[in-house]
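# A closer look at the structure
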Amino acid sequence: MFCTKIVHPALRGNQINGRNLFYWVNIIFNTVDKRRLRKVGPDRLCAEWVLKNGGAVRFCESPNNLLDNYNLLPPEDTSKVTLKEINATNSAIMTIGFAHLEGCSKIDKIIIENCKYVDNRGFHHLAKANESLKHLEIGQCANVSDSGLLELKNLSKLQKLVLKDLPGVKDWPGLEAQLKTHLKDCQLQFKPT
């Protein structure tokens, strides 16, 4: 008699429906935890999101210190932190995680560089940081295209926008013209691939 062992799909190798297992783990690390949000507040939760996914953050309380180690976060019960900068270079952040920006009122700089899970779907969430966001860099994100970047035209307080090495952008002149029309006070830097 043969016994067929039932194995959970996550344990059947490293592919589930054509997606790498780490993709699904990253979704968990990028989803907003509402219970944790109520406990620690938006700034700390957003910082935890970035750090868990391999990025770095800077806080208003220590603007000269770029923190890139989750374990070095100040204790949550004794320290309130206010997020100032996000550097997601080479991290596993996903655009669904951009929802973490809601309630973070002091973020003035975001760098999204070489993030393979970032795509067009979540750029509208950057508007949640519109009142404070002054500097934005997006580069080497293969899944970002013209349509996603057009969402940036709503960032009215932006002073500097750097877009570089984005192979998904097909119409650089058209994108530049649209963004210049809407972001009149913003210094734009475009470096096509």
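Let me sum up the structure you'll find in this document. (Residues numbered from 1 in each chain as written. Predicted model: local features only at pLDDT ≥ 70, side-chain atom pairs only at ≥ 80, totals over all residues. Heavy atoms only, no water.)

Time to look at helix α5 (residues 172-182). Side chains of residues three or four places apart in an α-helix project in the same direction, reflecting 3.6 residues per turn. Restricting attention to buried positions, one finds in α5 the residues W172, L175 and L179. The buried residues of α5 occupy an angular sector of 65° when projected down its axis, which confines them to one face. Looking at the packing, one finds that the buried side of α5 touches α4 (146-149), β8 (160-164) and β9 (187-191). Capping the start of α5, D171 holds a side-chain oxygen 3.0 Å from the backbone nitrogen of G174, two or three residues further along. (Buried < 20%, exposed > 50% of the residue type's maximum accessible area, 1.4 Å probe, protein only. Helix = DSSP H or I, 4+ residues; strand = E, 2+ residues; numbered from the N terminus. Arc of directions from axis to C-beta. Contact = heavy atoms within 4.5 Å. Polar contact = N/O pair within 3.5 Å; in protein donor to acceptor, adjacent residues only side chain to side chain.)

With that settled, consider the pairing of β8. Direction of pairing for strand β7 (residues 135-139) relative to β8: parallel, over a ladder of five bridges. Across the sheet, residue G139 finds its bridge partner in β8, namely K164. Pairing analysis gives five bridges linking β8 to β9, with the strands arranged parallel. Of the residues in β9, the one forming a bridge with L161 is L188. (Pairing = 2+ DSSP bridges.)

Quick look at the nonpolar core now. Core analysis: the largest hydrophobic core is formed by 45 residues, its most contacted members being I112, L136, I138, L152, L161 and L163. Contributions of two or more residues to this core are made by α3 (42-52), β3 (56-59), β5 (83-87), β6 (109-113), β7, β8, α5 and β9. For this core, the element with the most residues is α3, which contributes five residues. Filtering out sequence-adjacent residues up to four positions away, I112 remains in contact with A88, F98, V118, F123, L136, E137, I138, G139 and C141. (Core = buried A, V, L, I, M, F, W, Y, C linked by side-chain atoms within 4.5 Å.)

Strand order in the open sheet formed by seven strands is β4-β3-β5-β6-β7-β8-β9, with mixed pairing between adjacent strands. The open sheet has two edge strands, β4 (62-67) and β9, and neither has a second partner. Between one strand axis and the next, the sheet turns through 10° on average, direction left out of account. Here α5 sits on the sheet and contacts β8 and β9; the angle it forms with β9, its principal contact strand, is near 170°. (Axes fitted to C-alpha atoms, helices over the stretch in contact; angles between N-to-C directions.)

A separate point is a nonpolar patch on the surface. Among the surface-exposed residues, V25, I28 and F29 lie close enough to one another that they form a single nonpolar patch of about 270 Å² accessible area. Turning to its location among the elements, V25 is positioned in helix α1 (residues 21-30). (Patch = residues over 30% accessible without salt bridge, like charges linked within 9 Å, V, L, I, M, F, W, Y side chains within 5 Å. Areas by Shrake-Rupley, 256 points an atom, 1.4 Å probe, with all protein chains shown as cover. Salt bridge = Lys/Arg side-chain N within 4 Å of Asp/Glu carboxyl O.)

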